[in-house]
Amino acid sequence: MVEERFVLGNEACALGAIAAGCRFFAGYPITPSTEIAENMSVLLPKNGGSFVQMEDEIASAGAIIGASWSGVKSMTATSGPGISLMQENIGYGVITETPIVIINVQRGSPSTGQPTMSSQSDMMQARWGSHGDYETIALSPSSVQEFFDFTIKAFNLAEEYRVPVLVMSDEVVGHMREKLIIPDSVDIVKRVRPELEEGEQYLPYDAPENGVTPMPAFGDGFNVHVTGLTHDKRGYPDTNDAETHTDLVERLCDKILKNKDKICSYKEEFCDDAEIVVVSYGSPYRSVLTAVKEAREEGIKVGSLKIDTPWPFPDEEISKLAENATDFIMPEMNLGQMVHELERVAGKDANVHLIGKIGGVLHTPEEILEKIKEVASKKED
Amino acid sequence: MAVKENPYKKYLREDRLPHIFCPGCGNGIVMNAFFKGLEGSDVDFDNVSMVSGIGCSSRIPGYVKCDSLHTTHGRALSFATGLKVGNPNQDVVVFTGDGDAASIGGNHLIHAARRNIDLTVICINNNIYGMTGGQISPTSPKGSFGTTAPYGSRDVPFDLASLVTAAGASYVARWTTAHPMQLAKAITKGLENKGFSFIEAVSQCPTYYGRKNKLKTPVLGMDYLKANSVTKRRSEKMSEEELIGKIIVGEFANRPHKELCDNEEDLVNENYDGGLAIKSAFWEEF
Amino acid sequence: MNIIDSMLCKGCDICISVCPKDVYAKSKEVNSKDVYVPYPANQEACVKCGLCEISCPDQALYVDREVE
């Protein structure tokens, strides 16, 4: 039976994780993500899972990778300084192709910054936070319902592509209460073990066409060696060979880049004839739609593109919109991060305008409407 | 007829031999002692998963024919915690070194010991950073030389076995590579202890520690370890002054008490009828 | 006869040193790594204690326990 509840965003995230099959959580208290850990500590024992409060965020990120290799879907949640501490192990998750989910409830930064206030200033860290070349998947929810839905989606993407997936939420969504509809059942991507022919040598990193190899659990008898060193198809370290390294890292990137059309998710509203497009992700979208509707009433041809997956960035969709649109507006709770991506894709054909806002308070519809009007009036000049 | 080869070779990935360790490195001896300890225990080799961090000793699991996780520097115990709690049916063995366990991973070490999680940790303490070329470590004896202590170390080193005992581990022992039989026996006890077991194996590093500290050959290094070892019992009758430069060997703790995974499982059984969701990532639905 | 695998031996001489019965001695022949591989010069003294096997860091040494 479909269940309706009135819950905190962070609680919705925990409920989503349980629905997706998460049965291990390791975390460390940090504002404004702590309620996720608290809810998981209540829910996991009731669902056959385990919760461990670790000694720090580095350990939390390590523990969920270990748990994932034990054959259990696993997650951690953190904010600000915590996500910085997790970066090295996120890179380990990338090179070892370990499915894990990391929730980042973004807060005002740098450093300890504004623990109780919202921001979207970790977006570039989500992309490039760990050292090295890699591609990442990140989802940004704009409502309590989306925090639930996107957490499930994050688990499914993590399993499908064998990657760490980040849910880049923020304090507004994490600490808001809204109606949550919990469906009867949710679609789950389950892990699939490798299948070997009689006498076939097991090559844990010999990837098929789509770049993703099946993954066994420890104890399944495959005797897999998992290492953060550059490794060959057998999983053995091979750190001095340029070809081995190139093949490995390119495959890790390609399995995301070449499947971008399947991973990217977004929502277009009023875009058909739009000359101005407001591009948003996460919380600011909440103010965008009101502003767009009001501007439409005043006769401005404006639309909204709401990006669910900031990473990988939906280049193709934006290029398509740029065929008609002359101006793009991006409200972000930072001084300009994803706007550089927008600039990269649309900058040649259109003008890109940032509404950067920091301090922890969400953009108001009026602020966005004002910018739409300003851009529209300049177009007339 | 049995194969005429070293009795411990059968546990290794033959296609990776010889291993990367320098001639006379103690890692190989500790590895043998581990296999001997395993044979003497009730633990089945097929049920063993290994975890390690970064450093020479952390390369050991990669040579063993079992599932192994070679992780980030210092963090082996964090990964091992997730691996063990996720599926408590496995016997999880961690190989680590003095730099990995006591310096960058010091916090994880004391917390894993505090939780008394059922892991067997074998810490090869060679008093130096070998992989990076001979820098001093938190266990380098006062006055010893390293590439980052050209005038001799002035710091007081960690006494690892005592540190882990104080942090709450249920089984702790220390031996050296010059005592392989005793080391193997301690590893047997550590494997059979249901809780956090820490076995410190003091080892020679001829290439770096030895070269810098007048113990250039493996034999000199092992002779030094043997000559300067004092049993726990004998050490209790010695003065602090007499114990300077000595390696106290023997059992430091053997006090079984309830471990983390048992507590986790109890919590599930008190709240849920379905038991632990072991390997549930492979389930169709929940 | 005890065997030392010349493919695996790195010439550390630990076997020579740990043997309580002085069974091993350095040979005059080098292996492919330019290592003087020890050999059981005094095989009949061997009491099969296995100390050399467990102390061989390179899993190169085999003690023959078969009764001749």
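> Got a minute to help me understand the interface of chain C and chain B in this structure?
How big an interface is tends to be expressed through the accessible area that disappears when the partners come together. Facing 26 residues of chain C, the contacting portion of chain B comprises 32 residues. Buried area between chain C and chain B, summed over both chains or domains, comes out near 2,000 Å², and the portion from carbon and sulfur atoms is 65%. On the chain C side of the contact with chain B, Lys10(C), Ile54(C) and Gln59(C) bury the most area, a combined 36% of that side's loss. At the boundary of chain C and chain B, one finds one salt bridge. In this structure, Lys9(B) engages Asp5(C) in a salt bridge whose closest nitrogen and oxygen atoms are separated by 4.0 Å. Linking chain C with chain B are eleven residue pairs in polar contact (both at pLDDT 80 or more), by the criterion used here. Considering each element in turn, the side of chain C that touches chain B owes the most residues, four residues, to helix H2 (residues 51-55) of chain C. Taken together, the residues of the side of chain C that touches chain B sort by class into 14 nonpolar, four polar and eight charged.

> Looking at this structure, how should I read the sheet that holds strand S1 (residues 48-52) of chain B?
Hydrogen bonds along the backbone pair up the strands of a sheet, which may run parallel or antiparallel. Spatially, S10(A)-S2(B)-S1(B)-S3(B)-S4(B)-S8(B)-S7(B)-S10(B)-S9(B) is the arrangement adopted by the nine strands of the open sheet, whose pairing is mixed. With one partner strand each, in any of the chains shown, strand S10 (225-227) of chain A together with strand S9 (229-231) of chain B form the two edges of the open sheet. Across the sheet, the mean angle from the axis of one strand to that of its neighbour is 20°, orientation sign disregarded. As paired strands, S10(A) and strand S2 (residues 67-70) of chain B are joined by three bridges and run parallel to one another. Bridge pairing in S2(B) places Val226(A) opposite Leu69(B). Across the face of the sheet, helix H1 (residues 27-39) of chain B comes into contact with S1, strand S3 (91-97), strand S4 (120-125) and strand S8 (197-202) of chain B while running at roughly 155° to S4(B).

> What is the right way to read the environment of Leu17(B) from this model?
Here Leu17(B) is to be found in the segment before H1. For Leu17(B), a relative accessible area of 17% gives the class buried. On a C-alpha basis, the gap between Leu17(B) and Ala102(B) in space is 29 Å, while along the polypeptide they are 85 residues apart. Contact partners of Leu17(B), with chain neighbours within four places excluded, come to Lys9(B), Leu12(B) and Leu8(C).

> Please clarify how the sheet that holds strand S15 (residues 351-356) of chain A should be interpreted in this entry.
Residue and element names in this part refer to chain A. On the basis of which strands lie adjacent, the open sheet formed by five strands has the order S11-S13-S12-S14-S15 and mixed pairing. In the strand order of this sheet, the two ends are held by strand S11 (266-269) and S15, each with one partner. Each strand axis lies, on average, 20° off the axis of its neighbour in the sheet, ignoring direction. Pairing analysis gives four bridges linking S11 to strand S13 (residues 302-307), with the strands arranged antiparallel. Bridge pairing links Lys267 to Lys306 in S13. Helix H10 (residues 285-297) contacts S11, strand S12 (276-280), S13 and strand S14 (327-332) of the sheet and is inclined by roughly 165° relative to S13.

> Before we go on, may I ask you to explain the packing of H1(B) against helix H6 (residues 180-192) of chain B in this structure?
Between two packed helices, the angle of one axis relative to the other and the distance separating the axes together describe the packing. Residues and elements named next belong to chain B. Here H1 crosses H6 at 50°, and the two axes come no closer than 7 Å. Looking at the two axes, H1 sits oblique to H6. As for how H1 packs across H6, the hand of that crossing is right-handed. Of the residues in H6, those touching H1 at Ile29, Val30, Ala33, Phe34, Lys36, Gly37 and Leu38 are Pro180, Met181, Leu183, Ala184, Ile187, Thr188 and Leu191.

> How should the pairing of strand S3 (residues 50-53) of chain A be read in this particular structure?
Residues and elements named next belong to chain A. Pairing between strand S2 (residues 22-27) and S3: four bridges, direction parallel. Following the sheet pairing, Ala26 is matched in S3 by Val52. The handedness of the S2 to S3 crossover, carried by helix H2 (residues 34-43), is right-handed.

> I keep staring at the nonpolar core and nothing clicks. Help me out?
Generally speaking, nonpolar side chains in soluble globular proteins are found buried as a group. Ranked by internal contacts, the top residues of the largest apolar core, which has 84 residues, are Trp69(A), Phe328(A) and Phe196(B). Of all the elements, helix H3 (residues 57-69) of chain A adds the most residues to this core, at seven residues. Counting residues in each nonpolar core, the second largest holds 55 residues, with Val64(B), Cys66(B), Ala173(B) and Tyr24(C) among its members.

> How should I be thinking about the packing of H10(A) against helix H13 (residues 365-380) of chain A in this particular structure?
Residues and elements named next belong to chain A. Where H10 contacts H13, the axes come no closer than 8 Å and their chain directions differ by 45°. With respect to each other, H10 and H13 are oriented oblique. Crossing handedness for the pair H10 and H13: right-handed. Here Ser287, Val288, Thr290, Ala291, Val292, Glu294 and Ala295 of H10 lie close against H13, whose contacting residues are Pro365, Ile368, Leu369 and Ile372. Taken together, the residues that form the contact of H10 with H13 break down as eight nonpolar, two polar and one charged.

What counts as what
- Residues numbered from 1 in each chain as written.
- Chains lettered and ligands numbered in written order.
- Predicted model: local features only at pLDDT ≥ 70, side-chain atom pairs only at ≥ 80, totals over all residues.
- Heavy atoms only, no water.
- Contact = heavy atoms within 4.5 Å.
- Buried area = accessible area lost by both parts, 1.4 Å probe.
- Salt bridge = Lys/Arg side-chain N within 4 Å of Asp/Glu carboxyl O.
- Polar contact = N/O pair within 3.5 Å; in protein donor to acceptor, adjacent residues only side chain to side chain.
- Helix = DSSP H or I, 4+ residues; strand = E, 2+ residues; numbered from the N terminus.
- Nonpolar A, V, L, I, M, F, W, Y, C, P; charged D, E, K, R; others polar.
- Pairing = 2+ DSSP bridges.
- Axes fitted to C-alpha atoms, helices over the stretch in contact; angles between N-to-C directions.
- Buried < 20%, exposed > 50% of the residue type's maximum accessible area, 1.4 Å probe, protein only.
- Parallel < 35°, antiparallel > 145°, perpendicular 65-115°, else oblique.
- Left-handed = near helix turned anticlockwise from the far one by under 90°.
- Right-handed = clockwise from strand over helix to strand, strands pointing away.
- Core = buried A, V, L, I, M, F, W, Y, C linked by side-chain atoms within 4.5 Å.

Bear in mind that shape data such as this cannot, by itself, settle questions of function.
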